[in-house]
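Examining the three-dimensional arrangement
Spelled out from the first residue to the last, the chains are:
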Amino acid sequence: MFCVSSVQHALAQDKGPDTSTPEVFEAVDPYTKGKAEALDRAGYVSMGPFLFSEGIQTKDIEESLGGVRVLWVETAHFKLGSLLQTYRRGTDDIEEKKLADELHRLSKKLPRVRPQVRELDPWLRLHLYAQRLEEEYADFEARIGVTDADFTGKPTGDLNPANDMGPGRFLGCEMKFTVLLTERNAQLGRFARRWLKSGETAWYVAQLDGRSWFFGVAAEVMQAAGAPLDSALHALVATGVAEAFVYGFRATKTKRPLWLLQGISLAFGRKAEPRWCVFVPRDSEGPDDQTWLWEERVNGLVTNKFVPAWDEMFAWTDPNKLEPRGHMTAWSRVAWLSETDTPHFQKYVHAVTNRLEGDPQAAASPEAEAERQRKLFADVFGKSPAELDEAWRKWVRRKYPKK
């Protein structure tokens with residue numbers, strides 16, 4: 001097991017054992033009825049039980065959580081478990097439009113889904129998150145410039161590390177990505193203590209035995225942060241899953257630059273729901289709060305010369321030490337590279353994840369890693385970090401609105 005993220009942001013206090021009455025819901029999934037034809041139409045492999053990761057069966061997870069029932073689904077690229085409870089849609093206009101669009105798409109695969117339904121029961125939330133995960137996977141492949149066909153899981157015989165896409169079919173990994181969504185921090189903590197050998201944190205991005213990249217989070221995290229909407233939880237899930245994608249890409253142990261990791265993952269989080277981000281708290285919880293409009297804030301930071309230079313960002317190693325301005329800067333710089341120079345951005349992501357000889361995770365010093373990134377900038381973009389920095393600043397001042 002390799003744990004790469006134990007972030008403390010927005011961690012809710014453990015309220016002790018969950019003594020609430022378990023929610024009662026249908027024993028059989030009402031949307032597929034467990035029928036093979038319905039599973040095929042939805043793009044599902046199984047709804048459990050199944051092998052979650054090497055040495056971990058779905059029944060093992062349920063036992064570790066005290067015998068509670070977990071809802072399971074295996075899709076083309078994921079194995080997902082959910083303990084999420086019924087969610088009642090409210091009057092938030094932005095979320096209402098988002099859910100209406102998502103449920104409409106879902107109803108095309110699962111005809112029993114009613115897009116206008118006001119309560120999202122546990123089964124429906126499972127299906128909704130399965131769809132969200134698969135859509136994010138497809139989006140990630142498109143942004144990085146790859147398709148499933150690039151990951152054959154077979155040795156190519158090519159000794160050039162730049163052409164090594166990894167030993168597996170899932171972005172290069174041998175096992176599907178795994179996700180566990182719980183209602184309570186304590187529930188997820190039980191899983192973490194047994195299989196991640198980790199104490200309780202806000203969420204987890206880790207590599208399980210068998211090299212499955214795992215993301216786990218509890219809905220309680222966003223509730224404690226003053227953001228109880230399902231869309232806010234989706235933002236955090238999208239951020240964490242994208243982080244797992246970046247770590248898993250091509251199954252190399254090469255160190256991922258923190259600025260790139262944060263920039264890519266925040267892009268997916270903001271696409272899911274831009275108004276809540278645990279890394280950049282809002283000034284208030286009210287509907288009139290405007291601090292989630294990062295474009296205006298980044299423009300102000302650039303104008304006031306209060307953004308870190310790219311050379312400084314190369315040395316970043318600890319996400320817990322980053323200030324909100326650092327997260328927003330990383331997000332904006334990745335957006336600029338991927339939008340204005342897509343081919344070279346994709347080439348850079350491949351280059352920076354190339355397999356290195358030896359043990360790159362242990363051997364690379366911060367100085368050596370920063371120098372590697374500088375060299376790759378010159379090789380891929382044909383410019384120095386300072387030149388790219390100035391070009392990005394001009395783009396921000398031209399494109400982003402002012403306060």
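Look up a bit, the structure's there.
Residues numbered from 1 in each chain as written. Predicted model: local features only at pLDDT ≥ 70, side-chain atom pairs only at ≥ 80, totals over all residues. Heavy atoms only, no water.

Helix and strand counts for the protein stand at 15 helices and ten strands. C-alpha atoms of the protein, sized along the principal axes, occupy 60 × 55 × 40 Å. The buried share of the protein, taken over its 403 residues, is 55%. In the protein, once contacts between residues fewer than 6 apart in sequence are set aside, the share between residues at least 24 apart is 74%. Here the protein has roughly 18000 Å² of accessible surface; of this, 52% comes from carbon and sulfur atoms. (Helix = DSSP H or I, 4+ residues; strand = E, 2+ residues; numbered from the N terminus. Buried < 20%, exposed > 50% of the residue type's maximum accessible area, 1.4 Å probe, protein only. Contact = heavy atoms within 4.5 Å. Areas by Shrake-Rupley, 256 points an atom, 1.4 Å probe, with all protein chains shown as cover.)

Moving on, we come to unusual backbone geometry. Pro49 follows Gly48 through a cis peptide bond whose omega is -5°. If you trace the backbone, Pro49 turns up in the loop between α1 (36-42) and β2 (51-53). The residue Arg250 is not glycine, and still its phi comes out positive at about 70°. Turning to its location among the elements, Arg250 is positioned in the loop between α7 (230-248) and α8 (258-272).

Here the focus is the packing of aromatic side chains. Evaluation of the coordinates by the stated rule reveals 31 aromatic pairs. On the basis of an interplanar angle of 40° and a centroid distance of 6.2 Å, the ring pair of Phe140 and Phe268 is categorised as tilted. Highlighted residues: Phe140 in helix α4 (residues 122-144) and Phe268 in helix α8, separated in sequence by 128 residues. Aromatic rings pair up to connect Phe78, Tyr137, Phe140, Phe151, Phe177, Phe245, Phe249 and Phe268 into one cluster. Positioned over the ring face of Trp294 is Arg270, at 4.1 Å from the centre of the ring. (Phe/Tyr/Trp six-rings, centres within 6.5 Å; stacked < 30°, edge-to-face > 60°. Lys NZ or Arg CZ within 6 Å of the ring centre and 35° of its normal.)

For helix α9 (residues 294-303), the complete set of buried residues consists of Trp294, Val298, Asn299, Leu301 and Val302. Viewed end-on, α9 has its buried residues packed into an arc of 160°, placing them on one side of the element. Taken together, the buried residues of α9 touch α8, α11 (324-340) and α15 (385-399). Downstream of α9 by a residue or two, Lys305 has a phi angle that is positive, lying close to 55°. (Arc of directions from axis to C-beta.)

Here the focus is the environment of His104. Tracing the backbone shows His104 in helix α3 (residues 93-109). When the C-alpha atoms of His104 and Arg114 are compared, they prove to be 7.9 Å apart, with ten residues separating the residues in sequence.

Position of Gly145 among the secondary structure elements: in the loop between α4 and β8 (177-182). Gly145 gets classed as partly exposed once you look at its relative accessible area, which sits at 44%. Sequence-wise, Gly145 and Pro343 are 198 residues apart; in three dimensions their C-alpha atoms are separated by 8.1 Å.

Among the twelve residues that make up helix α5 (residues 185-196), nine are buried, leaving the element largely enclosed by the rest of the structure. For α5, every residue scored as buried is listed here: Asn185, Ala186, Gln187, Leu188, Gly189, Phe191, Ala192, Trp195 and Leu196. Downstream of α5 by a residue or two, Lys197 has a phi angle that is positive, lying close to 50°.

Moving on: the side chain of Glu183. Within the secondary structure, Glu183 is located in the loop between β8 and α5. For Glu183, the side chain forms a polar contact with the main-chain nitrogen of Gln85, separated by 3.0 Å. Aside from chain neighbours lying at most four places away, what touches Glu183 is Leu83, Leu84, Gln85, Arg125, Ala218, Ala219, Glu220 and Gln223. (Polar contact = N/O pair within 3.5 Å; in protein donor to acceptor, adjacent residues only side chain to side chain.)

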